[in-house]
Structure formats: structure tokens, C-alpha cells
Amino acid sequence: MTDQLLLGCDHRPRTADTALRQRAAAVIPGGMYGHQSAGPLPPEYPQFLRAGLGARIWDVDGNEYVDLMCSYGPIVLGHLHPAVEAAAREQAALADCQNGPGAVMVELAEVLVGTVRHADWAMFAKNGTDATTMCCTIARAHTGRPRILVARGAYHGAAPWCTPRPAGVTPQDRANVGFYTYNDLESLRAAVATAGNELAGVLVSPFKHDAGFDQEPVDPKFARGLRALCTRAGAALILDDVRCGFRLHMGSSWEPVGVLPDLSAWSKAIANGHPLAAVLGSGTFRDAAASIFVTGSFWFSSTAMAASIATIRALREQNAVAAMEQAGTALRAAILAQAAARGLQIRYTGPAAMPYLTFVGDRNHELAAVFAGAAVRAGVYLHPRHNWFVSAALTDSDIEKALVGTAAGFAAVSARLASHDESADRSDEQGTSSATTQESGTRT
Ligand SMILES: *Cc1c(COP(=O)(O)O)cnc(C)c1O
């Protein structure tokens, strides 16, 4: 295939998307908030989506994409998984939001306690931020101490105590948060020592998945050291499994490492796209969990809980974790081969089911934006600055289509690098700095 073909000639103009963006600009602050405004996507990306089925999604103009973002994590079995949707419909036909929860609340708590090794109890909420925040509150209620340690740069949600943007946040909101460096036991020891007898808990993600950086697996020695430090201090080890939970393992994500948390936070994939979060905890923290007051208008809705029970059953029946690992491994091998064939130096990091691609030396994510922009035009929805997600619905033909997209992405990067070289040559002839060639770059 020629590069021209790979650039995706069948892409339809984004008339509907453009019109919606214009209307949104009038009635939604900034036209958009959250992760798609924090680091804007390249201009080739649609903002508004219309439909999803399995591993494919469609934008409001009818363009089809292989979905390698999975709604930033909630979709794990593919969009509109038949068994999950049937369970949700069956529950919804009875009732969703009532004065009290349905029987599904107890059933789901039993399923989670039976699935996740460290868990003796479960509480439910709606968002990952609810769950991480509740974990901190429970740790403080249990210890009677204020301080929580987090890894510098890690994402744990969007409440004032943890949001990555400073606007509207007061120093008091963060007064009881301290920092350590992920995978650095010495820095953790120092932070624990500084917190002294004020330490309530340490929050940690299963691996380092900070947006915009190459991903890093957890060092088992770090995980074990963290466990020992928390036990000695009587503080809670809180695992933020919001992003990884049930994508890497059918239990908490550190079970394969042999380290069990006291509390864990869950959301994203646990109900395959239905709104639900959970806090799971060990017996030691049960009384503290019972003592805090937390609730929400929609926290006892039965539909998402029914969807979650069906999701966990389907994950097990389909052997979904292995399927994602396998599809992700095939994708990784093919993408590495594509890059190597063009002589492009990339880093492809993280678990196979949650990969992230960067270009070596690509400081401002400029090449990543060129890559992602061309890839999305050619039919694969991935991300230039955030880890991707492989769902269990990804078939061989989905992977094939995804690879057409990534090939277009690499072709565009090669073209960009060639044009940089050419204009560098030209400006050298004119005796000017090659730094001016940056201007022609597509900025995100
Ligand atoms: C997404 C995420 C959160 C926050 O979850 P929300 O549902 O967006 O509130 C917390 N921690 C991690 C690791 C996440 O990926």
C-alpha cells in the first residue's frame, strides 16, 4: 500500500462534529472539560461520538474506528456486550434508583469479596474519585491520623485534594497530602519518616501509568517494602486499582506480585461502561468503613450493579484477561515491526493490555501528535499522551484495521521527520537556525 492510501482517503468531513463543537462553545465552559481539554487532542480527532459495538466506535459524522481507548478504561468486554446489556435491561425493567438498594447490592458485594483476595467487604459509589477519596477517609477514620502519601505525578482523580490542575484548589485542600517517588523505596521511607505519627495511609497505583510518560512496572521489592512500612506504622496500604482493576488480573492487580493492600479503589472496567465504583477492604478496616458518612443520589442504583455482576461473570467465562493479553501482545509485536521497518525509534511500554507509545526524543509530544492524528484519520482511535486500552472484544480483523491506522501514523511521522531534515538543510544554506522549522509542526 502506498502512503497516500494509508492516509485514509475514505474519511468523511467532520461537519456534524464541527457544528456540535460550535454549539458547545456557547453552552459548555470552554466547550469541553476534563481529560479531552487537559491536553487537547490533535485536530484530526472527533470530539463527539455516536455509537459503539464490540471494539468499533463511530463518530457523529459516521466515521468508524477501532477503539484502542475503551472510553479511557471502562469498556473491557467491548461496547454493548450482550450478556452485560441483558442483565442491565432486566434490572432496569424492574427499577434502577429507589429509596433503598436492590438485592443486587449484596450479590455484587459477595461476588467481589469472592473474587478479590484481600477483600472482606465492599462499598459502592459512582466514580473512581469517590473510591480513592473514600479510601483516604476510611484510613483516617481507622488511624485517627491525617496524612496520606501519594506518588508524585500519579493520577488519583479530580477532587481538590488530587486534581492535577491548580485552578480553584487551596493549599488547605492539599495540606494533608505528602509525596514519594514511585518505585523508590528510599523516597518512600523518607516520606513515611516525615509524616511520623500523622501517617494514615499510602496510596499507590499498580504500576506507573502517569499520562505523558513511559510506563513502568512496579518493582516487587518496592511493593513489599511499602507493605512492610504500612504494617509497621499501622497505616493503610491503599491500592488505586481504578484503571487496572480486572484488566490485568481477576483480583487486585498486585496479587501476582504477592502484595495485598488493606483498601482498594475500583471503577472504570468493573461494570463494562455502566457507572459504578467500589471500595474493597480487609476486616481490620471494617469498623472504620462503617463509621464514615458517605453517600450519593445515585450510589444505590441497581442497574450498574447488575451490569457489574454480569461483567465479572463474563470476564471469567470468556477468559478475558488472557484474551486482552494475547491481543495486546499481537498488537505490540506488529507495531514494533512497523516502526522498525521505517527506522523509527519508539518506546512501547506498559502491560500488553494497557500499552503506551512514545517516540524517542519527542520532547513536546510533537511526533506523537502527528502519529495519532494520522492514525485516527485512518481508522484507529488511540491517544498521543495517555496509555491505551485493549478490550477483550478486539478480533484479528480489528487488529488488522488498527494496524492500517498505525501504519498511516508512522508514515506521517516519517514524512514529518523528512520535511524537518529538508528545511533544516535549507535553513543551513541560508545560515539561519534550524530551530525555526518547529513552526511548521502540528501542535496539540
Ligand atoms: C480514572 C482514574 C481515577 C479517577 O476515576 P474517575 O472515575 O474519573 O473519578 C482514579 N485513579 C486512577 C488510577 C484512574 O485511572
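On a predicted model such as this, the values are computed, not experimentally measured, just so you know.

1. What to know about the overall build of the chain
In terms of helices and strands, the chain carries 14 helices and 13 strands. Across its three principal directions, the C-alpha atoms of the chain cover 70 × 55 × 45 Å. Looking at the 444 residues of the chain, the share that counts as buried comes to 54%. Within the chain, counting contacts between residues at least 6 apart in sequence, those at least 24 apart form 76% of the total. Summed over its atoms, the accessible surface of the chain is roughly 19600 Å², and 54% of this surface lies on carbon and sulfur atoms.

2. Comments concerning helix α8 (residues 185-195)
Among the residues of α8, those classed as buried are Leu-185, Ser-187, Leu-188, Ala-191, Val-192 and Ala-195. Down the axis of α8, the smallest arc covering the buried residues is 160°, so these residues share one side. Among the exposed residues of α8, those oriented more than 90 degrees off its buried face are Glu-186, Ala-193 and Thr-194. Gly-196 sits one or two positions beyond α8 and adopts a positive phi of about 55°.

3. Points about the sheet that holds strand β2 (residues 56-59)
An order of β1-β2-β3-β13 is seen for the 4 strands of this open sheet, with the pairing classed as mixed. Unpaired on one side and paired on the other, β1 (49-53) and β13 (380-381) mark the two borders of the sheet. Note that strand β3 (residues 64-67) and β13 share 2 bridges and pair parallel. Of the residues in β13, the one forming a bridge with Val-66 is Val-380.

4. What about the domain arrangement of the chain?
One can read the domain layout of the chain as domain 1 (42-77 + 320-427) and domain 2 (82-317). The C-alpha-based centres of domain 1 and domain 2 are spaced at 29 Å. Taken together, the contacts link 26 residues of domain 1 with 22 residues of domain 2. Interface of domain 1 and domain 2: buried area, both sides summed, is about 1900 Å²; carbon and sulfur atoms make up 61% of it. Broken down residue by residue, the surface that domain 1 buries against domain 2 is led by Leu-77, Val-321 and Met-354, which jointly contribute 29%. At the boundary of domain 1 with domain 2, the tally comes to 1 salt bridge.

5. A short note on the side chain of Asp-61
When you line up the elements, Asp-61 lands in the loop between β2 and β3. As a buried residue without a salt bridge, Asp-61 has its nearest oppositely charged side chain in Arg-14, at a separation of 5.2 Å. A distance of 3.2 Å separates a polar atom in the side chain of Asp-61 from the backbone nitrogen of Thr-15. Only 3.1 Å separates the side chain of Asp-61 from the backbone nitrogen of Asp-17, close enough to count as a polar contact.

6. Here we look at the pattern of salt bridges
What the rule picks out here adds up to 10 salt bridges. In this structure, the salt-bridge partner of Arg-21 is Asp-17, at a minimum N-O distance of 2.7 Å. Linking Arg-21 with Asp-17, this pair stays in helix α2 (residues 15-27), spanning 4 residues, or about one helical turn. For Arg-21, a relative accessible area of 34% translates into the label partly exposed. The residue Glu-366 makes a salt bridge to Arg-416 at a minimum N-O spacing of 3.2 Å. Residue Glu-366 is found in helix α13 (residues 366-377), and its partner Arg-416 is found in helix α14 (residues 396-430); the two are separated by 50 residues along the sequence.

7. Points about helix α9 (residues 220-233)
Under the 1.5 Å per step criterion, the end-to-end length of α9 is 20 Å for 14 residues, consistent within 8% with the ideal 20 Å. For α9, the full list of buried residues reads Phe-222, Ala-223, Gly-225, Leu-226, Arg-227, Leu-229 and Cys-230. Residues of α9 that are buried in the fold lie against β6 (177-180), α8, β7 (199-204) and β8 (236-240). Measuring from the side-chain oxygen of the N-cap residue of α9 to the backbone nitrogen of Lys-221 gives 2.9 Å; that N-cap residue is Asp-219.

8. Here's the deal with the packing of aromatic side chains
Tallied over the full model, the rule gives 9 aromatic pairs. Measuring from ring centre to ring centre gives 5.6 Å for Phe-359 and Phe-371, while their planes differ by 65°; the resulting arrangement is edge-to-face. Within this pair, whereas Phe-359 is found in strand β12 (residues 356-359), its partner Phe-371 is found in helix α13, the two being separated by 12 residues in sequence. Assigned by exposure class, Phe-359 and Phe-371 land together as buried. Chaining the aromatic ring pairs together yields one cluster made of Tyr-45, Tyr-65 and Tyr-381. Lying across the ring of Phe-213, Lys-208 places its NZ or CZ 5.5 Å from the centre.

9. Considering the sheet that holds β8
Here 7 strands make up an open sheet; going across it, the order is β4-β10-β9-β8-β7-β5-β6 and the pairing mixed. Looking at the sheet topology across the chains shown, the edges are occupied by β4 (121-125) and β6. Strand after strand, the sheet turns through a mean of 20° between neighbouring axes, direction not considered. For strand β5 (residues 147-151) and β6, the ladder comprises 4 bridges, and the chain directions are parallel. Across the sheet, residue Ile-148 finds its bridge partner in β6, namely Val-177. Along the sheet, helix α5 (residues 103-115) makes contact with β4 and β10 (277-281), crossing β4 at roughly 125°. Contacting β5, β6 and β7, α8 crosses the sheet at an angle of about 155° to β6.

Cut-offs and rules
Residues numbered from 1 in each chain as written. Predicted model: local features only at pLDDT ≥ 70, side-chain atom pairs only at ≥ 80, totals over all residues. Heavy atoms only, no water. Helix = DSSP H or I, 4+ residues; strand = E, 2+ residues; numbered from the N terminus. Buried < 20%, exposed > 50% of the residue type's maximum accessible area, 1.4 Å probe, protein only. Contact = heavy atoms within 4.5 Å. Areas by Shrake-Rupley, 256 points an atom, 1.4 Å probe, with all protein chains shown as cover. Arc of directions from axis to C-beta. Pairing = 2+ DSSP bridges. Domains from an automatic or database assignment. Buried area = accessible area lost by both parts, 1.4 Å probe. Salt bridge = Lys/Arg side-chain N within 4 Å of Asp/Glu carboxyl O. Lys, Arg positive; Asp, Glu negative; His and termini not counted. Polar contact = N/O pair within 3.5 Å; in protein donor to acceptor, adjacent residues only side chain to side chain. Expected span 1.5 Å × (residues − 1). Phe/Tyr/Trp six-rings, centres within 6.5 Å; stacked < 30°, edge-to-face > 60°. Lys NZ or Arg CZ within 6 Å of the ring centre and 35° of its normal. Axes fitted to C-alpha atoms, helices over the stretch in contact; angles between N-to-C directions.

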